[in-house]
Amino acid sequence: MVAIIGRPNVGKSSLFNRILSRRHAIVSEVAGTTRDRLIAQASWKGRPFLLVDTGGLEDDPDGHIPQRVQQQADMAMGAADVIVFLTDVIEGVTATDEAVAQRLRRTDKPILLAVNKVDNDNRELAAAEFFGLGLNDTAFISAYHNYGVYDLLERIVELLPRRELADAWDGGPEGDAAADGRTNVGKSMLTNAIIGEERSIVSPVAGTTRDALDTAVSYRDHEITLVDTAGIRRPGQVQRGIEKYSVLRAVNAVHRSDITLLITDATELATAQDAHIAGLSWDTNRGLIVVVNKWDLVNRNRFRMERVLHRVRERLHFMRYVPVCFTSALTGEGIEEMLDTALSLWQERQKRVPYRDLQYLLADAVSTHTPPSQRGNIRNRLRIRRVRQVAVNPPTFVFSVNDPKLLHFSYQRYLENQIRDRFGFDRTHLRLIFRPERAEKSSRSGIRNRAR
């Protein structure tokens, strides 16, 4: 593990993104943009490691959130095998830099001093004052211009402990679960309760979480990547700048996840914004679990739970099959049941149906309910030749028909329900594709030619 630490606004997130070669962390000129530890997998010349971006270190943090940011940075330094201490040549050596350097000299971990924003000869001369910090390994870099970053990476991999290389890249996660929802519904607190540590800063202030925070967890011998995200407000309320990029990363977390945990507030059930966020999951064919959090704040009984279920089903009428879990991040109630539901849903999305069984289902469905004809003309009736499953996650079925334009949405829904009832697809989104028979034949012919 390699941790990047330093004062606010020295370019830690820019260096983090440069090493990853993608815009993973939010970069802004506003001091204190990064708050939580941002962890991502990186490698250099075949040497894998975990890279950690942290919030800015301050001498005297004032307030709940700044103090939590310091704790997150302390946790990153405690777990790191190599520490990259990033400074800013423009501002020179500050009192905070000296305090951090003094603290780092007392550790037994490899320390790399990286002086950032050195992008011309004058700044390189000015950077010489940083040798006074007493740290031997010093590199002059410019994360923005990609100057000196490769040399820094060379030095990092030299310092990485070789004893961990054998297991560093052993397999990968079986599924990604993104915790999404409105602001202040308890996403970060629920994520911390699942992981068992303060992975995300928790605060009553809306918008505390900014980046999408990936954390690998193991549950019942399954490896899962859990993604904590920023709260998604209505488009008209999203402010430009940091919040806009936070929402974009939250939406992107839905796109790259297998399952979305839609966290809702038990005291403000199933709002229009909840339905909007659920629609993001539906549009991208992701699995969805509605998590009613803060269940400890309401008067709980069987009648109350049935009312909540009815309210959720009514609001999410386009996804009536979604499972609903009741949790309390504060007490830990319902978390194990929620994780079991997520694993069950993920396994359901991996299910494959034999081709022969699908043909039997199609014959039964068509004989029971013949496709309706347009305007009573039998010649304009939809004819379905065959059906086959072509993908999982989500389960995808391709129907070969004479003319997809003759398909009525009600008959598509009927076929989907038949597949659900026959093969046990109770809680996942199904993707049904209707192709003309000629296109289906040419598609299969192309696959056979490529196989030859």
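Residues numbered from 1 in each chain as written. Predicted model: local features only at pLDDT ≥ 70, side-chain atom pairs only at ≥ 80, totals over all residues. Heavy atoms only, no water.

With an unreviewed UniProt entry as reference, the protein chain is termed GTPase Der, source organism Geodia barretti. Looking at the protein chain in UniProt, the text filed under Sequence similarities (unreviewed entry) is "Belongs to the TRAFAC class TrmE-Era-EngA-EngB-Septin-like GTPase superfamily. EngA (Der) GTPase family." Annotation of the protein chain in UniProt includes, under Function (unreviewed entry), the sentence "GTPase that plays an essential role in the late steps of ribosome biogenesis." (UniProt positions renumbered as here; feature names shortened; annotations may be inferred.)

Visitor: What exactly am I supposed to notice about the packing of aromatic side chains here?
Guide: Within this structure, the stated rule accounts for seven aromatic pairs. For the ring pair Trp295 and Phe326, a centre distance of 4.6 Å and an interplane angle of 50° mean the geometry is tilted. Here Trp295 is found in the loop between β11 (287-293) and α10 (302-315), whereas its partner Phe326 is found in strand β12 (residues 324-326), with 31 residues between them in sequence. Lying across the ring of Phe425, Lys351 places its NZ or CZ 5.0 Å from the centre. In this structure, Arg420 packs its charged tip against the face of Tyr321, placed 4.2 Å from the ring centre. (Phe/Tyr/Trp six-rings, centres within 6.5 Å; stacked < 30°, edge-to-face > 60°. Helix = DSSP H or I, 4+ residues; strand = E, 2+ residues; numbered from the N terminus. Lys NZ or Arg CZ within 6 Å of the ring centre and 35° of its normal.)

Visitor: I keep staring at the sheet that holds strand β7 (residues 175-181) and nothing clicks. Help me out?
Guide: Strand-to-strand pairing in sheets goes through backbone hydrogen bonds, with the strands running parallel or antiparallel. Taking strand neighbours across the sheet as the criterion, the six strands line up as β8-β9-β7-β10-β11-β12 in an open arrangement whose pairing is mixed. Bordering the open sheet on either side are β8 (213-219) and β12, each of which pairs with just one other strand. Each strand of the sheet is rotated relative to its neighbour by a mean of 25°, with strand direction disregarded. Pairing between β7 and strand β9 (residues 222-228): five bridges, direction parallel. In the sheet register, Ala179 faces β9, and the bridge partner there is Asp228. Across the sheet, helix α7 (residues 187-195) touches β7, β8, β9, β10 (259-265) and β11, and the angle it forms with β9 is around 155°. Sheet contacts for helix α9 (residues 272-283): β7, β10 and β11; angle to β10, the most-contacted strand, approximately 175°. (Pairing = 2+ DSSP bridges. Axes fitted to C-alpha atoms, helices over the stretch in contact; angles between N-to-C directions. Contact = heavy atoms within 4.5 Å.)

Visitor: I would appreciate a short explanation of a nonpolar patch on the surface in the present structure.
Guide: Residues Met189, Val202 and Leu330 make up a contiguous nonpolar surface patch of about 250 Å² in total accessible area. Note on placement: Met189 falls in helix α7. (Patch = residues over 30% accessible without salt bridge, like charges linked within 9 Å, V, L, I, M, F, W, Y side chains within 5 Å. Areas by Shrake-Rupley, 256 points an atom, 1.4 Å probe, with all protein chains shown as cover. Salt bridge = Lys/Arg side-chain N within 4 Å of Asp/Glu carboxyl O.)

Visitor: Looking at this model, I keep getting lost on the packing of helix α12 (residues 355-368) against helix α13 (residues 409-423). Mind explaining?
Guide: Contact pair α12 / α13: the axes reach a minimum separation of 11 Å and the direction vectors enclose 130°. Our classification of the angle between α12 and α13 gives oblique. Where α12 crosses over α13, the two elements pack in a sense that is right-handed. Touching Asp357, Leu358, Tyr360, Leu361, Asp364, Ala365, Val366 and Thr368 of α12 are Tyr411, Tyr414, Leu415, Gln418, Ile419, Arg422 and Phe423, all from α13. Considering only residue class, the contact of α12 with α13 consists of ten nonpolar, two polar and three charged. (Parallel < 35°, antiparallel > 145°, perpendicular 65-115°, else oblique. Left-handed = near helix turned anticlockwise from the far one by under 90°. Nonpolar A, V, L, I, M, F, W, Y, C, P; charged D, E, K, R; others polar.)

Visitor: For this particular structure, what's the right way to read the sheet that holds strand β2 (residues 38-44)?
Guide: The strand order β2-β3-β1-β4-β5-β6 describes an open sheet built from six strands, whose pairing is mixed. Strand pairing shows two members of the sheet lacking a second neighbour, β2 and β6 (138-140), which therefore form its edges. Going across the sheet, the axis of each strand differs from the next one's by a mean of 25°, ignoring polarity. Along the sheet, helix α1 (residues 12-20) makes contact with β1 (2-6), β2, β3 (47-53) and β4 (82-88), crossing β3 at roughly 155°. In the packing of helix α5 (residues 149-159) onto the sheet, contacts are made with β1, β2, β3, β4, β5 (111-116) and β6, and the angle to β5 comes to roughly 170°.

Visitor: What is the right way to read α1 from this model?
Guide: Think of an α-helix as turning once every 3.6 residues; residues three or four places apart then point the same way. Along α1, seven of the nine residues are buried, which leaves the element largely enclosed by surrounding structure. Taken as a whole, α1 has its buried residues at Lys12, Ser13, Leu15, Phe16, Asn17, Ile19 and Leu20. Residues of α1 that are buried in the fold lie against β1, β2, β3, β4 and α5. Positive phi appears at Ser21, one or two residues downstream of α1, with a value of about 65°. (Buried < 20%, exposed > 50% of the residue type's maximum accessible area, 1.4 Å probe, protein only.)

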